[in-house]
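Commentary on secondary and tertiary structure
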Amino acid sequence: MRTYAGIAASPGYALGPVYPVARRVIRASRRVITDADVPAEIERFRAAVRKARDQIQALVKRLDTELGSDEGEILGSQLLILEDELVWDATQAVIRLERINAEAAFSRAVGDIIARFMQMEDQTFRERITDLKDVEQRVLRAFPGHAPAALQPPPEPAIVSAGNLAPSDTAALGRTNILGFVMDEGGSTSHVAILARSLGVPAVVGLRGQAVRLRAGQEVAIDGNEGRLMVEPDSATRDQLLLLTRKQVVVNQKLAKLKDLPAVTPDGHRVRMMANIEVPLEVSEALARGAEGIGLLRTEYLFFQHGTIPTEDEQTAVYGEVVRRMAGRPVVFRTLDVGGDKVSDYLGAKREYNPFLGWRGIRFSLANRALFKTQIKAIYRASAEGPTKLMFPMITGVDELRQAKGVCEEALAELAAEGAAHGRPLEVGIMVETPSAVLAADLLAAECDFFSVGSNDLIQYTLAMDRGNARVSYLYQPLHPAILRSIAQVVAAGHAAGIWVGICGEMGSETRLAEVLLGLGLDEISTHGAALPKIKQVIRWTGLDEARKLVAELMELATAGEANEHLAAYIAERKRARQETEQES
Amino acid sequence: MAKVSDPVGFHLRAAGRIVKLTKTFGSTVSINFGGKVANAKSIMGLASLAAEFGAEVEIQVEGPDEDQAAAAIARLISEDLAHPEHEA
């Protein structure tokens, strides 16, 4: 047995075979053909190019109608590469002269051009090579018999291993047969970590090269609480793991009993418990755990799932389904939050040197008004099905909020003119996730209906730490005095203006922080599915005054380390007192 | 002769625009630079010329509409490449 330490990204234990996923690079296998095969082979090549061309053209068409022409232009160059004599004529010549199959001939023609580019010193040629390789893979995939571009879900229950997984990859992986995740890159707030927690399966990330070394079918055990990966576990470890899993089941049964009880403190203060979701599939899980509504519906998923921009009707169908399935409970829609770690090439969001400070969130939406308005219209149409709320991400000031609300007005006017059935979100609010939104919270509160603290980004921006960078991930400190003060300030500004303040970031899902969030005065806590009953349990145990006192003490401490210790001591003391009471009764 | 006006030289997008324009003419167009010759209807050929901003490239045109083609392509290379396509 070999044990590796990583970052604990989603709690729980799992034991099972490895299912490695990686974007496989297709290598053309070489086959010698006869003279008689030449015309058929040339026709196979032409058919593959035609198919690849149709795919690119379909993508370009959507880009042209819904976005600017910039990205379309790059894809347009890819089209020209397909038709290029150095590719088109050269491939056919190689098939004829060397009598080899179309795939191998095509790869050779592309390889020759790459070799030519490699000889040049100019840095920008690298970009051209990437384009060429992209075109090559597109065409190779278009040959019949080649694996489709999308990843396949595991055929039987397994632990998914990967170097890194993009949102589009996890969408393709599906949601069944996944026992857990191990990944080389990423931190506890990466996309895979969030997905794993919503699925209720363990994940260990940041394994620095160990995950990709795992072989298909190899048995591994993962401990998502401690962040450990055990390869080929011995029998003692397996037994221990099974025991821990059984204990977890007992705890889960206890928590299940809380489902229909409100999150109300012994002294009568009520907090709304909501769930964070991405797809309609997760609604039943959220309801089963007792969610009073959806506090954060991430809409990016839909955009990444199919590799194309969803139409207004497609979006309306998905959003409407969520609203219907929530049966009268409110759903908070966050408009498209792309950029940063969610770069999606077909949306025209290019890799940037500083993506988290770049073109993302509301900035991207305001720059792509047609796309933004389409989404808003779909949300308004879905609002005919039940109560909804609308929320804008990455707001840095009132100007963006006003512009976004302006787009809502336009969307509403268009819907009315079209005569389309629609409703209106009950409230329009913003994510508070930038230090500027914290400092200007009073100004923002005057023009919106609610605040939802996005703690992942708020911590990242406030402490100037890249959450994906393992070397600075220690700075992810929810109890840093600057973070506690920021949240307290946002709550104060919101309440002064008479609007509610919630939290939908990862902080809301950490059981140990439940009393802190209560004491900070948050009205709504939106968690990933598995955390909801645990947070609710803590709130039902804790008096509001007691939680306020705890927060006041924490705010006096100078460092996150001291605050962590203080909180741990408080929790241990509470636990001891609770056990005593239980024994007495 | 034409001086390359695109700030990053003959990258793919610039090459793509030259190809698109050249394909509207019946003439055969080749572009010479640094001792290399590229067919102006080949995006890869043009890109592999590695002509930078300010480079002097030679345009050779032969065919029925050679005068119009030469003028249009020279104008594209020396002026229009400086601006994005949709503004040009």
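Attention here is on the structure that accompanies the text. It should be emphasised that the depicted structure is a prediction, and the values quoted were computed from it without experimental measurement.

The rules we used
Residues numbered from 1 in each chain as written. Chains lettered and ligands numbered in written order. Predicted model: local features only at pLDDT ≥ 70, side-chain atom pairs only at ≥ 80, totals over all residues. Heavy atoms only, no water. Axes fitted to C-alpha atoms, helices over the stretch in contact; angles between N-to-C directions. Helix = DSSP H or I, 4+ residues; strand = E, 2+ residues; numbered from the N terminus. Left-handed = near helix turned anticlockwise from the far one by under 90°. Contact = heavy atoms within 4.5 Å. Nonpolar A, V, L, I, M, F, W, Y, C, P; charged D, E, K, R; others polar. Buried < 20%, exposed > 50% of the residue type's maximum accessible area, 1.4 Å probe, protein only. Pairing = 2+ DSSP bridges. Salt bridge = Lys/Arg side-chain N within 4 Å of Asp/Glu carboxyl O. Parallel < 35°, antiparallel > 145°, perpendicular 65-115°, else oblique.

Moving on, we come to the packing of helix α14 (residues 369-382) of chain A against helix α15 (residues 398-418) of chain A. Two quantities define a packed helix pair, namely the angle between the helix axes and the distance between the axes. Residues and elements named next belong to chain A. Packing of α14 against α15 brings their axes to within 9 Å, and their N-to-C directions diverge by 65°. Relative to α15, α14 is oriented so that their crossing is right-handed. Contact residues: Arg 369, Phe 372, Lys 373, Ile 376, Lys 377, Tyr 380 and Arg 381 in α14; Ala 404, Val 407, Cys 408, Glu 410, Ala 411, Leu 412, Glu 414, Leu 415 and Glu 418 in α15. Looking at the contact of α14 with α15 residue by residue, the classes come out as nine nonpolar, no polar and seven charged.

Our next topic: unusual backbone geometry. Residue and element names in this part refer to chain A. The phi dihedral of Glu 232 is positive, around 45°, even though this residue is not glycine. Relative to the helices and strands, Glu 232 resides in the loop between β8 (228-231) and α9 (235-256). You will see that Met 394, though not glycine, has its phi angle at about 60°, which is positive. Along the chain, the position of Met 394 falls in the loop between β13 (388-392) and α15. Judged by relative accessible area, Met 394 falls into the buried class, the value being 1%.

Turning our eyes to something else, we now look at the sheet that holds strand β3 (residues 36-39) of chain B. Residues and elements named next belong to chain B. With antiparallel pairing, four strands are arranged side by side in an open sheet as β1-β4-β2-β3. Where the open sheet ends on each side, the last strands, each with one partner, are β1 (2-3) and β3. Across two bridges, β1 lies against strand β4 (residues 56-62) in antiparallel orientation. Note that in β4 the partner of Ala 2 across the bridge is Val 57. Packing of helix α3 (residues 66-78) onto the sheet brings it into contact with β1, β2 (28-33) and β4, and relative to β4 it is tilted by some 160°.

This part covers the pattern of salt bridges. Oppositely charged side chains can form a pair if their charged atoms are brought close together. Residue and element names in this part refer to chain A. By the definition in use, this model includes 37 salt bridges over all chains. The closest approach of N and O atoms between Asp 457 and Arg 360, which form a salt bridge, is 3.5 Å. Taken together, the residues Asp 457 in helix α18 (residues 455-462) and Arg 360 in the loop between β12 (331-334) and α13 (362-367) connect sequence positions 97 residues apart. In this structure, Arg 548 and Asp 545 form a salt bridge, with 3.9 Å as the shortest nitrogen-oxygen distance. On the criterion of helical spacing, the pair formed by Arg 548 and Asp 545 is a turn pair, its members being three residues apart in helix α22 (residues 544-556). Here Asp 545 falls in the exposed class, since its relative accessible area comes to 54%. One continuous salt-bridge network, built from bridges that share partners, spans Glu 312, Asp 313, Arg 369, Lys 373, Lys 377, Arg 381, Glu 410, Glu 414 and Glu 418.

Take the packing of helix α1 (residues 12-22) of chain B against α3(B) next. Residues and elements named next belong to chain B. Relative orientation of the contacting elements α1 and α3 amounts to 165°, with a least axis distance of 10 Å. The pairing of α1 with α3 is recorded here as roughly antiparallel in orientation. Crossing of α1 over α3 shows right-handed handedness. In this structure, α1 contributes Arg 17, Ile 18, Leu 21 and Thr 22 to the contact, and α3 contributes Ala 72, Ile 73, Leu 76 and Ile 77. Here the residues of the contact of α1 with α3 are counted per class, giving six nonpolar, one polar and one charged.

Further remarks concern the sheet that holds strand β4 (residues 158-162) of chain A. Residue and element names in this part refer to chain A. Spatially, the eight strands line up as an open sheet ordered β1-β8-β7-β3-β4-β5-β6-β2, and their pairing is mixed. Strand pairing shows two members of the sheet lacking a second neighbour, β1 (2-5) and β2 (7-10), which therefore form its edges. Each adjacent strand pair in this sheet contributes to an overall mean axis angle of 30°, direction not counted. Here strand β3 (residues 13-20) pairs with β4 via three bridges, running parallel. Bridging from a neighbouring strand, Pro 20 pairs with Ser 161 of β4. Running over the sheet, α9 touches β3, β7 (219-223) and β8 and is turned about 115° from β3.

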